[in-house]
Amino acid sequence: MEIDWKKLQNGSDIRGVAVESADEKVNLSPEIASMIGSAFVKWLCEKKSIDAKDVKIAVGTDSRISGTILKNGIMRGILSLNSSPFDAGLASTPAMFMSAIFEEFKCDGAVMVTASHLPFNRNGFKFFTSDGGLEKNDISKILAIAEHEKPYSDENVTCKKIDLMDRYSNLFIEKIRSGINSRINYNSPLKGMKIAVDAGNGAGGFFVDRVLKPLGADTSGSRFLDPDGMFPNHEPNPENNKAMDAIKDAVIQSGSDLGIIFDTDVDRAAIVDGSGEIINRNRLIALAASIVLDEHPNTTIVTDSVTSDGLTLFIEKNLCGRHHRFRRGYKNVINEALRLNNLGEECHLAIETSGHGALKENYFLDDGAYLVAKIIIMAARLNENSKSIMTLLKGLIEPVEEEEFRVKLLDDNFTAQGESIIESLKDYLQSINGWSIVPNNFEGIRISCRSENEKGWFLLRLSLHDPVLPLNIESEISGGVKTISKKIAEFLKSINKIDYSQISEYIENR
């Protein structure tokens, strides 16, 4: 097969084009999926020192239109080695991990067919064992094995079906019941509470029918629960403005006490309070940190690199915790939390601004539904006293302005080019009054800009996957981002083979 296997790797996931478009040809077909399925079996056999005939693997999919044929491809590859695939049907990514944990399934591995919030024609695979999600090196090894496997055509696959989502949903029902611990109505502790859910036509609709309704919640304000792999209403992404406006509108129109939005495969989430206040990104981290630090005083909260200075103050001054700002990438954040715990530094939460939140009490699994369950418990307690979850964010200082730009790298060796630009910036900042390098930074270069007309910071880093330098800028004052941007543009204009037109256009139009 003419296929560039390395291009299928996206960090610790596999992603590709599953449906042909005018601009993109398919590189992730059922045949390719079958080769990856058998490669995963061989990788598991080596990893766990077991025979292929004893390997059990659960396979699930989100609502994407290519999900079923790719799932069949994966299962066909598993069957080719006489291993046992289990069809979990429509599922969430975190539930697939739990198939390796729940005693009644105890799978050796799991595959989730998903491409998160990417366009409908994309798809991919996430892999799990009982140790958690696979690492980047593991994916490289699986793809190296797959390249030499026999492809199998798309055909119907008969294997045992499992109702994994029912078992997974019951976990939340029991957690919310015991967490609220209502003396009045233990079994239906959400009775009298109105909660709107936006599943974005992904896999998250289960949370309404299998979790919230059995707990007594009024979910009549919910939207886009039906799985539809064309995502006709909005991008299923808690970082997308249209998506957040949709759940905000649902809450306000229905008079709900709380709004919840999931991404396609439910490993991310965001919240809207009863007044329509959006709680995502820094606010979501602050809310999660408030809940976790109430349960585990003084613990460390690990976040990615683009979180705000105000969040650090909130975690360390208001909540008396420690904020450890690390690299972007949910696996990076989770692995750093694991590393700190292994060194004896207590850490109970690892969370990215994108909405990936992982708790120590839940295997450090980035599970949007689990984080939401924790928030629902707190919201129900506050609701009894006519309070909103926004009260937990009192004292959080938020930026007046924030922008993200992408500087395109046009050199063939873009990694070296990006690293060189970051190094050159260190020399440039010596000439700028009020600029200083922020210490203990693990990604790119973070600069504090404390002049009176700036009062902010910026982070310039190399993208994890693309020939791009993302630039995040925040300011505590109006006009601060433009002032900082002008100085950065002055630095960039002397560099060859880059495109910083996004910054130039922002400066011209503000």
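Throughout what follows, the structure given in this document is the object of discussion.

Procedures and definitions
- Residues numbered from 1 in each chain as written.
- Predicted model: local features only at pLDDT ≥ 70, side-chain atom pairs only at ≥ 80, totals over all residues.
- Heavy atoms only, no water.
- Helix = DSSP H or I, 4+ residues; strand = E, 2+ residues; numbered from the N terminus.
- Pairing = 2+ DSSP bridges.
- Contact = heavy atoms within 4.5 Å.
- Axes fitted to C-alpha atoms, helices over the stretch in contact; angles between N-to-C directions.
- Expected span 1.5 Å × (residues − 1).
- Buried < 20%, exposed > 50% of the residue type's maximum accessible area, 1.4 Å probe, protein only.
- Arc of directions from axis to C-beta.
- Polar contact = N/O pair within 3.5 Å; in protein donor to acceptor, adjacent residues only side chain to side chain.
- Salt bridge = Lys/Arg side-chain N within 4 Å of Asp/Glu carboxyl O.

Remarks on unusual backbone geometry
Notably, Asn-201 is not glycine yet its phi reads approximately 65°, a positive angle. If you trace the backbone, Asn-201 turns up in the loop between β9 (195-198) and α6 (206-212). If you check the backbone angles, Asn-298 has positive phi at about 70° while not being a glycine. Position of Asn-298 relative to the elements: it lies in the loop between α8 (281-295) and β13 (300-303).

What to know about the sheet that holds β13
The sheet built from five strands is open, its strands ordered β14-β13-β15-β16-β17 with mixed pairing. Looking at which strands have only one partner, the edges of the open sheet turn out to be β14 (322-325) and β17 (365-366). Direction of pairing for strand β16 (residues 357-359) relative to β17: antiparallel, over a ladder of two bridges. For Leu-359, the partnering residue across the bridge sits in β17 and is Leu-365. Across the sheet, α8 is in contact with β13, β15 (347-351) and β16; its angle to β15 comes to roughly 165°.

What about helix α7 (residues 241-254)?
Compared with an ideal rise of 1.5 Å per residue, which puts 14 residues at 20 Å, α7 spans 20 Å between its outermost C-alpha atoms and is within 8% of the ideal. Every buried residue belonging to α7 is among Ala-243, Met-244, Ala-246, Ile-247, Ala-250, Val-251 and Ser-254, and all of these are buried. End-on, the buried residues of α7 take up no more than an arc of 155°, which puts them together on one face. In this structure, α7 carries Asn-241, Lys-242 and Gln-253 as exposed residues pointing more than 90 degrees from its buried face. Buried positions along α7 lie against β9, β10 (258-262), β11 (269-273) and β12 (278-279). Of the residues flanking the start of α7, the one acting as N-cap is Asn-240, its side-chain oxygen 3.0 Å from the backbone nitrogen of Lys-242. Directly after α7, the chain includes Gly-255, whose backbone phi takes a positive value near 70°.

Describing the pattern of salt bridges
Considering all chains together, one arrives at 37 salt bridges under this definition. Ionic pairing is found between Lys-175 and Glu-361, a salt bridge with its closest N-O pair at 3.3 Å. Of this pair, Lys-175 sits in helix α5 (residues 164-180) while Glu-361 sits in the loop between β16 and β17, and the two are 186 residues apart along the sequence. Within the structure, one salt-bridge network assembled from shared partners comprises Lys-175, Glu-295, Glu-361 and Lys-374.

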